[in-house]
Amino acid sequence: MSQQAHLPHEAAEPETPHLDFAGTTPYEDYVKADVLTHLQHTLSDDPGEMVFLVTTQVMELWFTVIVHEWETAAKALRSDDVPTAVAALKRSVRELEALNASWKPLGQLTPAQFNAYRGALGEGSGFQSAMYRRMEFLLGDKSASMLVPHRGAPRVHAELEKALHEPSLYDEVVRLLARRGHAIPDAVLNRDVTLRHEPSEAVEAAWQAVYSGDEHADLARLGEALTDVAELVWRWRNDHLVATRRAMGAKTGTGGSAGVAWLEKRARKNVFPELWTARSYV
């Protein structure tokens, strides 16, 4: 008997995968990779611009996923489904970590490197990102004036206007606290949701009570998931600030923004503020 006849069946050559398709591949049909990889149109001759452009586009995709997660969480909270909300928030934590890592390719740009293609941005600036604005609105940081840059894009403007008039993720959290028996005033529950969330002593007291109780209770788990989100949003803002400082110092930002000064102001703000202040009283 030949030596080949003794080879185990597993040693046989693997079957060739299906390579011949009538149209595009099923992968392309689902992922639209050809669309994604042909969206890059640089406007300068500097090779670093490609890195800046692709990294910014990746950030926009992460914004989109995170908005989806937070909208899922808000919808679940309206139905008192805390486990589904916590699961969505925990997914968004991993996504925020990936988003924050997007600063790595840009975080050490020198002024000379950034200036090589900065002119290609023209009046473009990150604060004009509609999807990032939707993230901010879901966090409770609302401002009707931030719709103004998007008046020329009807679909985007309509989506932002809808988000402005809907309760934020944190509004839904506060309403849940009230339904669970915490003393939240009507002025907080029925506030104008188109305005920025302002810290409330009653909401702080509710979180103090939650954190003074069973740490395994669903509201405590919700609080910790929200705190994880808030921490990573704060880190995102600080990473943005540091990257901008390195690349352009205190110069005026693109799009007429105040640049570093504006980012410094943003970085000082806490997301879900009562979750942080309540810890001083537990």
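Computed from a predicted structure; not experimentally measured. (Residues numbered from 1 in each chain as written. Predicted model: local features only at pLDDT ≥ 70, side-chain atom pairs only at ≥ 80, totals over all residues. Heavy atoms only, no water.)

The subject of this paragraph is helix 11 (residues 218-248). Along its 31 residues, helix 11 runs 45 Å from first to last C-alpha, staying within 8% of the 45 Å computed at 1.5 Å per residue. Downstream of helix 11 by one or two residues, G249 has phi in the positive range, about 60°. (Helix = DSSP H or I, 4+ residues; strand = E, 2+ residues; numbered from the N terminus. Expected span 1.5 Å × (residues − 1).)

Side chains that differ in charge, positive against negative, can pair when their charged atoms come close. Applying the stated criterion across every chain yields a total of 13 salt bridges. Between E231 and R235 there is a salt bridge, with its nearest N and O atoms 3.0 Å apart. Here R235 and E231 lie together in helix 11, a separation of four residues that amounts to about one turn. A relative accessible area of 31% places E231 in the partly exposed class. The class for R235 is partly exposed, based on a relative accessible area of 38%. Linked through salt bridges whose partners overlap, the residues forming this network are E71, R134 and E159. (Salt bridge = Lys/Arg side-chain N within 4 Å of Asp/Glu carboxyl O. Buried < 20%, exposed > 50% of the residue type's maximum accessible area, 1.4 Å probe, protein only.)

A few words on a nonpolar patch on the surface. Taken together, V35, L36, L39 and L61 make up a surface patch of nonpolar side chains, about 340 Å² in accessible area. Inspection of the secondary structure puts L39 in the loop between helix 2 (33-36) and helix 3 (48-78). (Patch = residues over 30% accessible without salt bridge, like charges linked within 9 Å, V, L, I, M, F, W, Y side chains within 5 Å. Areas by Shrake-Rupley, 256 points an atom, 1.4 Å probe, with all protein chains shown as cover.)

So, about helix 8 (residues 169-179). Counting buried positions along helix 8 yields eight of eleven residues, so the element is predominantly enclosed. Within helix 8, the full set of buried residues consists of L169, Y170, D171, E172, V173, V174, L176 and L177. At the N-terminal end of helix 8, a side-chain oxygen is found 3.3 Å from the backbone nitrogen of Y170, two or three residues along, and the residue is S168. G181 occupies a position one or two residues after helix 8 and carries a positive phi of about 100°. (Polar contact = N/O pair within 3.5 Å; in protein donor to acceptor, adjacent residues only side chain to side chain.)

Turning our eyes to something else, we now look at the nonpolar core. Proteins that are soluble and globular tend to have nonpolar side chains buried together. Ranked by size, the top nonpolar core spans 59 residues in total, and within it W70, W207, L222 and F272 carry the most contacts. Of all the secondary-structure elements, those providing two or more residues to this core are helix 3, helix 4 (82-101), helix 5 (111-118), helix 6 (130-139), helix 8, helix 9 (186-189), helix 10 (201-212) and helix 11. At 13 residues, the largest contribution of residues to this core is made by helix 11. When neighbours within four sequence positions are excluded, W70 is seen to be in contact with L89, S92, L96, M135, L138, L139, L169, V229 and V233. Core analysis: the next-biggest nonpolar cluster, separate from the first, contains six residues, A130, F137, L160 and A163 among them. (Core = buried A, V, L, I, M, F, W, Y, C linked by side-chain atoms within 4.5 Å. Contact = heavy atoms within 4.5 Å.)

Worth remembering: the numbers are spatial, not functional.
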